[in-house]
Amino acid sequence: MGDIFPNIKSVDTSSLVDKVESNLVQFFIDHNFKVGDSIPKELELAQSLGVSRTVVREAMLRLRLMGLVESKKHRGAVITSPDLVSILEKSMNPKILDENTLKEIFEMRLSLEIGMADFIMERVTPEDIAVLRVLVENEPAASDRTIFQIEHEIAFHGKLYEITRNETMKKFQRMLLPVFDYVHKSGLLRKLPVNTNFISHKEIVDIIEHGTAEKLRNGMRSHLENHFARLLE
């Protein structure tokens, strides 16, 4: 037996939820909502938007998952500042990302580490230098003349991110660690480097202690040369 009313098109409720989600975000912007401000109740929003409460509830659930809204005891829903990194982290699984995306993420990592030189030079402390010296001393002698050993790579470069004092950047680096590890182990970048005359971790520390931001940028580019060689050739 066919549809009772075959000429009536079914309502695409997902499209309606999409529109309500967008309208709610625009409403918050237009009315200058700030972090911590209470949001009108679902029933009030439903009446204002001319949709069912169920549609509003689903749209609000999406905003909660995005980190834009959270529920507070005795206050209801309030505006929050989303943790962008944690949102990305939910989908940053190297086993479900395609090879091109993995390589692009790796390229982004290289660009980021060269670009953060100014922040490192501006914010580094003698204590940071001491920690970097210890990390370098604990590395195998050959680690700077081969494809980097991942555990030493993570420890040294993780400290560099920490020195920036940029919490989002530090979270971003931690989020990408599984991707770095997977790329190293998967063989995506197995091509041997053509240039082994790059700057070592020890030399990077020397530049941080006695050099300039420009020297550090150039030094990091040389230090990462093997990675660039495997990506660009």
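Note that the structure is a prediction, hence the values are computed from the model and not measured. (Residues numbered from 1 in each chain as written. Predicted model: local features only at pLDDT ≥ 70, side-chain atom pairs only at ≥ 80, totals over all residues. Heavy atoms only, no water.)

## Focus: the overall build of the protein
Then, in step 1: On a plain count of helices and strands, the protein comes out with 12 helices and 2 strands.
Then, in step 2: When its helices and strands are written in sequence order, the protein yields α-α-α-β-β-α-α-α-α-α-α-α-α-α.
Then, in step 3: In the protein, which comprises 233 residues, the proportion classed as buried is 36%.
Then, in step 4: In the protein, the share of contacts with a sequence separation of at least 24, taken over all contacts with a separation of at least 6, comes to 72%.
Then, in step 5: Carbon and sulfur atoms provide 54% of the accessible area of the protein, an area that totals close to 14,000 Å². (Helix = DSSP H or I, 4+ residues; strand = E, 2+ residues; numbered from the N terminus. Buried < 20%, exposed > 50% of the residue type's maximum accessible area, 1.4 Å probe, protein only. Contact = heavy atoms within 4.5 Å. Areas by Shrake-Rupley, 256 points an atom, 1.4 Å probe, with all protein chains shown as cover.)

## Some thoughts on a nonpolar patch on the surface
Then, in step 1: Side chains of M66, L84 and I87 sit close together on the surface and give an oily, nonpolar patch of about 250 Å² of accessible area.
Then, in step 2: If you trace the backbone, I87 turns up in helix α4 (residues 84-89). (Patch = residues over 30% accessible without salt bridge, like charges linked within 9 Å, V, L, I, M, F, W, Y side chains within 5 Å. Salt bridge = Lys/Arg side-chain N within 4 Å of Asp/Glu carboxyl O.)

## Topic: unusual backbone geometry
Then, in step 1: For N32, which is not glycine, the phi torsion reads 55 degrees and is therefore positive.
Then, in step 2: Tracing the chain through its elements places N32 in the loop between α1 (13-30) and α2 (42-49).
Then, in step 3: Here H74, not a glycine, exhibits a phi torsion of approximately 70 degrees, which is positive.

## Describing the packing of helix α5 (residues 99-115) against helix α12 (residues 225-232)
Then, in step 1: Interaxial distance between α5 and α12 falls to 11 Å at its minimum, and their mutual angle equals 145 degrees. The crossing of α5 and α12 is left-handed. Across the interface between the two elements, K103, F106, E107, R109, L110 and I114 from α5 touch H227, F228 and L231 from α12.
Then, in step 2: For the contact of α5 with α12, the class distribution of residues is 5 nonpolar, 1 polar and 3 charged. (Axes fitted to C-alpha atoms, helices over the stretch in contact; angles between N-to-C directions. Left-handed = near helix turned anticlockwise from the far one by under 90°. Nonpolar A, V, L, I, M, F, W, Y, C, P; charged D, E, K, R; others polar.)

## Concerning the side chain of E42
Then, in step 1: Structurally, E42 is set in helix α2.
Then, in step 2: Exposure remark for E42: the relative accessible area of 17% places this residue in the buried category.
Then, in step 3: Among the polar contacts listed, one links the side chain of E42 to the side chain of R57, at a separation of 3.4 Å. (Polar contact = N/O pair within 3.5 Å; in protein donor to acceptor, adjacent residues only side chain to side chain.)

## Some details on the environment of E104
Then, in step 1: Among the secondary structure elements, E104 is positioned in helix α5.
Then, in step 2: When the C-alpha positions of E104 and L231 are compared, they lie 9.5 Å apart, and in sequence the two are 127 residues distant.

## A word on the pairing of strand β1 (residues 69-72)
Then, in step 1: Judged from the 4 bridges that link them, β1 and strand β2 (residues 76-79) form a sheet pairing that is antiparallel. What sits directly across from K72, in β2, is G76.
Then, in step 2: Between β1 and β2, which pair antiparallel and follow one another directly, the connecting turn spans 3 residues, one of which, H74, has a positive phi of 70 degrees. (Pairing = 2+ DSSP bridges.)

## A closer look at the confidence of the model for the protein
Then, in step 1: On average, residues of the protein score 84 in pLDDT, and 83% of them are at 70 or above.
Then, in step 2: Model confidence for the protein, summarised as mean pLDDT per element, is weakest for α4 at 76 and strongest for helix α6 (residues 117-123) at 97. (pLDDT = per-residue confidence, 0-100.)

## Details of the packing of aromatic side chains
Then, in step 1: All chains considered together, the criterion is met by 3 aromatic pairs.
Then, in step 2: Each residue in the set F27, F28 and F33 is aromatic and connected to the rest through ring pairs, giving one cluster.
Then, in step 3: R109 extends its terminal NZ or CZ atom over the ring of F106, reaching a point 5.6 Å from the ring centre.
Then, in step 4: The ring of F228 has R221 lying over it, and the distance from NZ or CZ to the ring centre is 3.7 Å. (Phe/Tyr/Trp six-rings, centres within 6.5 Å; stacked < 30°, edge-to-face > 60°. Lys NZ or Arg CZ within 6 Å of the ring centre and 35° of its normal.)

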